[in-house]
Every structure is written in structure tokens, then in C-alpha cells.
Amino acid sequence: MTGRRVVLVAAVAANGVIGRGGGIPWRIREDMQHFKETTRGHTLLIGRRTYESIGRPLPDRTTVVVTRDPDWSADGVLVADSVERAIELARDLPGDVMVGGGTGVYEAAMPYATHQVLTEVHRSPVGDTYYPAHPSREPREWRETRREDREGFSWVWWERVGRLPGQQPPGHWSPGHWSPG
Ligand SMILES: NC(=O)c1ccc[n+]([C@@H]2O[C@H](COP(=O)([O-])OP(=O)(O)OC[C@H]3O[C@@H](n4cnc5c(N)ncnc54)[C@H](OP(=O)(O)O)[C@@H]3O)[C@@H](O)[C@H]2O)c1
């Protein structure tokens, strides 16, 4: 799968929490606006529970909902039965592929992700849903390119510096093709 940018967009607390009881355990209006602006004009890929927590397709973007339920549908959204298929579908749709969670969707999309736009929420609430892996834990893979500190949270932009899994460097050779001297 090559082509468009695949961007993970998430608001993550200091303890990794992203959700509780089907919702988000904080309310930051400025960040909701930031999410809308970041994803507007693009294709938003979300899990079925996250879609149901929003309850409707957000305007001015294409929404792809991931579910294993072949009977699930909702007005105004496209449906895919795996994250891989959702990414394939989204690559032919407008804008970048914006991955909006939750946990399993971020996890399955991570190998394809070229960027992450994270809101670091400076608190540690009780929660039941977590971000799978913060890019700061993989400094060889991810580079912070921009940060905006606000009251109680920071917006941080990350770019992949490592190769996407499965991508070979130009002129790649395998050890079997090489012999010393
Ligand atoms: N802070 C944030 O930025 C943020 C972002 C997103 C969500 N959230 C919060 O996180 C919670 C929801 O996230 P969640 O992780 O519980 O659920 P979710 O990922 O939104 O939805 C889970 C459902 O999506 C489908 N799904 C997930 N991975 C799939 C895969 N690989 N292939 C096929 N289908 C797949 C399945 O649907 P079926 O069961 O229908 O098969 C699964 O039950 C809520 O509390 C929400 O508010 C927070």
C-alpha cells in the first residue's frame, strides 16, 4: 500500500488513556475544534464504537467505519471489515487517510502510519481505553516535528523517520545475493 499520508489523530492522557465508558474522560473544546480542523476535507477512518460515540458522520469529510459485523450500516458513511481494507478504500477517497481510533484501529493502522497528530493531555484520568504506543517510545521510528503548548495540553506533530514495515530501501539486496571477496 503506497501513496497518501496515513495520519493517526488522537488525544492521549499522560497515562495513555484515550477513553472511558464509551466517551472521552475530559472535555477540551479547543481540542475538539483542532480534531475537526485536522480531519476536515480528508477521509476519517474510525472503529464502530467510536463512530457510535459521535453518533453521526462529521460534515466536510468522508467517514469509513470499521466493523466485523456484515449487517452494520449507517447513513452517510462507508463501511470496511478490516483496517487494511479501510485504508485501501480511503486511499482512493479525498485527502489524507486520518485514523481516529479507538485502540484496535490505531494498532492495526500503526504499521501504515506516516504521521501522528497527538494531543498530549496533561492529566492521568481513570480510563478503560488506551493509545497502543506513544511515538516517544520509538525514537528511531518517529521524530517530533512541531509542538504547541496550551493550558493543560500540548499539540504534537510526529513524522515517521524509519521505513514503513514492508518497505525496502532503494537498491535493497538480501544477504543471499552477496558473497565476500
Ligand atoms: N481520545 C481520543 O482521541 C479517542 C479517539 C477515539 C476513541 N476514543 C474513545 O475510545 C473508546 C472507543 O474505542 P474502542 O477502542 O473501545 O473502540 P473502537 O475501536 O472505536 O471500536 C471497536 C470496534 O471497531 C471494530 N474494529 C476494531 N478494530 C477492528 C479491526 N481491526 N477489524 C475490523 N473491525 C474492527 C469492531 O467493531 P464490531 O464490534 O462492530 O465488529 C470493534 O468492536 C471510546 O471511549 C471513545 O470515546 C478516544
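None of these values were measured; they are calculated from a predicted model. (Residues numbered from 1 in each chain as written. Predicted model: local features only at pLDDT ≥ 70, side-chain atom pairs only at ≥ 80, totals over all residues.)

Caption draft 1: How the structure looks around the site of the ligand. Around the ligand, the surrounding shell holds 29 residues, and the nearest of these are Gly19, Gly47, Thr50, Gly101 and Gly102. Of all elements in the fold, only strand S1 (6-13), strand S2 (17-19), strand S3 (43-47), helix H2 (48-54) and helix H4 (103-109) reach the threshold of two or more residues within the shell around the ligand. Residue composition of the shell around the ligand, by class: 10 nonpolar, 14 polar and 5 charged. (Near = placed C-beta within 6 Å. Helix = DSSP H or I, 4+ residues; strand = E, 2+ residues; numbered from the N terminus. Nonpolar A, V, L, I, M, F, W, Y, C, P; charged D, E, K, R; others polar.)

Caption draft 2: The nonpolar core, seen in detail. Ranked by size, the top nonpolar core spans 37 residues in total, and within it Ala10, Leu45, Ile87, Val99 and Ala109 carry the most contacts. Sort the elements by how many residues they give to this core and S1 lands first, with 8 residues. Setting aside its immediate chain neighbours within four residues, Leu45 contacts Val64, Val66, Ala86, Ile87, Ala90, Val97, Met98, Val99, Gly100 and Val105. (Core = buried A, V, L, I, M, F, W, Y, C linked by C-beta atoms within 7 Å. Buried ≥ 20, exposed ≤ 12 C-beta atoms within 10 Å, placed from the backbone. Contact = placed C-beta atoms within 7 Å.)

Caption draft 3: A look at the confidence of the model for the chain. Per-residue confidence for the chain averages 92 on the pLDDT scale, and 91% of its residues sit at or above 70. For residues 172-181, every residue scores under 50 in pLDDT, and the model assigns this stretch 1 contact once sequence neighbours within four places are set aside. (pLDDT = per-residue confidence, 0-100.)

Caption draft 4: How the structure looks around the pairing of strand S9 (residues 142-150). Relative to strand S10 (residues 153-160), S9 runs antiparallel, the two sharing 8 bridges. What sits directly across from Arg146, in S10, is Trp157. Between the end of S9 and the start of S10, which pair antiparallel, lie 2 residues, with Gly152 showing a positive phi angle near 85°. (Pairing = 2+ DSSP bridges.)

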